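# Close look at the chain arrangement
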Amino acid sequence: MTKMKSLHMMGAAGLSMALVLAGCSSTKTAETSPAAASPAASQAAAATKAPEPAKSGEKVTINFWNPFSGNDGPFMKKIVDNYNKSQDKYTVKMTIQPNADYYKLLDTAIATKKGVPDVAIMHLDQTPTYIAKDLLQPVDAIAKAVGVEKSNFPPSTVEYSTKDNNWYSIPLDIHPLVMYYNKDLFKAAGIAAPPTNRQEFVEDAKKLTDASKGIWGAAMPTFWIQNFLFPTILFQNGGDFLDDKGNIAYNSPAGVEAVTFMRSLTEMKVSPPTVAADGDFNLFQQGKSAMHFNGPWSKDAFDKAKINYGVAPVPQLGTVKQAVFAGSHNFVIPKSTTDAAILAGVGDFLKFVNTNSIDWAESGQAVASKVVRDSSAFQAMTQQQTEVAKEFDYVKFAPKVLNWGPISDSIWSELANALQGKKDPKAALDDAAAKSTAAMKK
């Protein structure tokens, strides 16, 4: 999504049930399991046995939800359309729900047992909560039945959504923070390649800043995309959100150093003293900022703006190691999906995506499937996608805890205070940590 807003920051009111129902298919699906089987037994069987194929002549409708309400929606639609054309046993009906309200709508559908999707996209850091609530079913049997192997995906994604040796989600992509840079401004400043570490980044930012033309070396975001940038530098400094005992730890010296460094860019006058929400994005899009941090979803917007840009892994801005914060879109199957024919269709669709997600890569994303990443078609995508994939070996995700969104909410407002100079970095992080600790106890 262009300028994708974190789902952890959702504050919009939930939509009405009418909208939930309007987004669901009324197409007749295959008959359900025999009435003699109890609901509990049916669910257990679906989770442990390979799904049966659809009967000859039947066309089963698979209801698929996703939150791709931005520029990435058409790319997923192309995959779905291609799948539907590729065979005549199943029809995948895709429903795009508003990104900001996605989990509220999903929760409402599950709670009311009305319009629950058969398969859905879920952000990886949401899976621990849904697994703990027993709302998802393991995908092991379905994946095995259609030949989708765990080894085809980065281990970090598989491990994250595995609990008690059960695997609960099949990754579509990994979307880490990346660095966009303006090639024209780099050339004018005599810089041949993007920076790879803090020293190079600062030196380049100084060379690229031209106050007379209103051009900044790197507009440091105050709000969003800090949800990705602060964790990245925190990790690069050897820090983490939580310590080994599960306690809040981002207000450590590693965290304070990260915030202090980011704030120092304004003091060096290579970044504006304050940056409004999306201000850093707009400055880069207007050619007024030479380096910009964002996610792979920004590609479409920058393409349309006709910027001569390049993409590179985030430099090691921290002091200890290379690391980058990332999210990941994953396919999950609600536990309420028990019809054997529908499950077989879900499996067939996931098998198709596993080897045909190159269209998703066209959106700028680096797909999770190794089969696709190793293909000549993906390797030819040298502008962005292959650069994004370079970060897969050292990505880090949000902590694998329940309800991380509410726990982390306080970080971003306090971080904004520190980056605007309204609070000392240590004081801001301490205040945020106190709120996060309180949220963990609820």
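Just so you know, these numbers come straight off a predicted model, no measurement behind them.

What follows concerns the pairing of strand β2 (residues 90–96). Where strand β1 (residues 60–66) lies against β2, seven bridges are found, and the strand directions are parallel. Along β2, the bridge assignment pairs Asn66 with Ile96. What joins β1 to β2 is helix α3 (residues 73–86), and the crossover it makes is right-handed.

Summed over all chains, the structure comprises 14 salt bridges. Put simply, Lys390 and Glu387 hold a salt bridge, and the shortest N to O gap is 2.9 Å. Residue classification places Glu387 among the buried residues on the basis of a relative accessible area of 16%. Put simply, Glu414 and Lys423 hold a salt bridge, and the shortest N to O gap is 2.9 Å. Taking relative accessible area as the criterion, Lys423 reaches 28% and is therefore assigned partly exposed. Each of Glu414, Lys423, Asp431 and Lys435 takes part in salt bridges that share partners, so that together they form one network.

Turning to the packing of aromatic side chains, a few remarks are in order. One pass over the structure, following the stated rule, counts 27 aromatic pairs. On the numbers, 5.8 Å between centres and 75° between planes, the contact of Trp224 with Phe228 is edge-to-face. Clustering of aromatic rings is evident, with ring pairs tying together Trp224, Phe228, Phe235, Phe241, Tyr250, Trp297, Phe325 and Trp404. If you follow Arg198 out to its NZ or CZ, it ends over the ring of Phe261, 4.0 Å from the centre. Sitting over the face of the ring of Phe235, Lys396 holds its NZ or CZ atom 4.9 Å from the ring centroid.

The mixed open sheet is built from five strands, whose spatial order is β2-β1-β3-β13-β6. Both outer strands of the open sheet, β2 and β6 (170–171), are each paired with one neighbouring strand and no more. Two elements, β6 and strand β13 (residues 329–332), share two bridges in a ladder whose sense is antiparallel. Residue Ile170 lies in a different strand from β13, and its bridge partner there is Phe331.

Glancing now at the packing of helix α11 (residues 253–267) against helix α19 (residues 404–419). For any two helices packed against each other, the geometry comes down to the angle between their axes and how far apart the axes lie. Taken N-terminus to C-terminus, the directions of α11 and α19 make an angle of 45°; their axes are 9 Å apart at the nearest point. When the axis of α11 is compared with that of α19, the two are oblique. Residues Val259, Met262 and Arg263 of α11 pack against Leu415, Ala418 and Leu419 of α19. When grouped by side-chain class, the residues that make up the contact of α11 with α19 number five nonpolar, no polar and one charged.

Let's shift gears to the environment of Ile170. Within the secondary structure layout, Ile170 lies in strand β6. Placed twelve residues apart in sequence, Ile170 and Val158 show a C-alpha to C-alpha distance of 7.6 Å. Ignoring anything within four residues of it in the chain, the contact list for Ile170 reads Val139, Ala143, Val148, Phe153, Asn330, Phe331 and Leu350.

Here we come to the sheet that holds strand β7 (residues 173–176). Pairing within the open sheet is mixed, and its four strands lie in the order β14-β7-β12-β15. What marks the edges here is a single partner per strand, and that holds for β14 (366–367) and β15 (395–396). Pairing of strand β12 (residues 324–327) with β15 involves two bridges; the strand directions are parallel. Across the sheet, the residue bridging to Phe325 is Lys396, located in β15.

Of all six residues in strand β10 (residues 289–294), six are buried; the element is thus mostly enclosed. Bridge count between strand β8 (residues 178–182) and β10: four bridges; the pairing is antiparallel. Across the sheet, residue Met179 finds its bridge partner in β10, namely Phe293. As paired strands, strand β9 (residues 216–218) and β10 are joined by two bridges and run parallel to one another. Considered in β10, the bridge of Ala218 is made with Met291.

Here the focus is helix α9 (residues 198–208). For α9, the complete set of buried residues consists of Arg198, Phe201, Val202, Asp204, Ala205 and Leu208. Down the axis of α9, the sector holding all buried residues measures 165°, keeping them to one side. In α9, the exposed positions angled more than 90 degrees off the buried face are occupied by Gln199, Lys206 and Lys207. Buried residues belonging to α9 abut β8, α8 (183–188), β9, α11 and β10. Structurally, the start of α9 carries an N-cap: the backbone nitrogen of Gln199 is 3.2 Å from a side-chain oxygen of Asn197.

Reading the values: rules and limits
Residues numbered from 1 in each chain as written. Predicted model: local features only at pLDDT ≥ 70, side-chain atom pairs only at ≥ 80, totals over all residues. Heavy atoms only, no water. Pairing = 2+ DSSP bridges. Helix = DSSP H or I, 4+ residues; strand = E, 2+ residues; numbered from the N terminus. Right-handed = clockwise from strand over helix to strand, strands pointing away. Salt bridge = Lys/Arg side-chain N within 4 Å of Asp/Glu carboxyl O. Buried < 20%, exposed > 50% of the residue type's maximum accessible area, 1.4 Å probe, protein only. Phe/Tyr/Trp six-rings, centres within 6.5 Å; stacked < 30°, edge-to-face > 60°. Lys NZ or Arg CZ within 6 Å of the ring centre and 35° of its normal. Axes fitted to C-alpha atoms, helices over the stretch in contact; angles between N-to-C directions. Parallel < 35°, antiparallel > 145°, perpendicular 65-115°, else oblique. Contact = heavy atoms within 4.5 Å. Nonpolar A, V, L, I, M, F, W, Y, C, P; charged D, E, K, R; others polar. Arc of directions from axis to C-beta. Polar contact = N/O pair within 3.5 Å; in protein donor to acceptor, adjacent residues only side chain to side chain.

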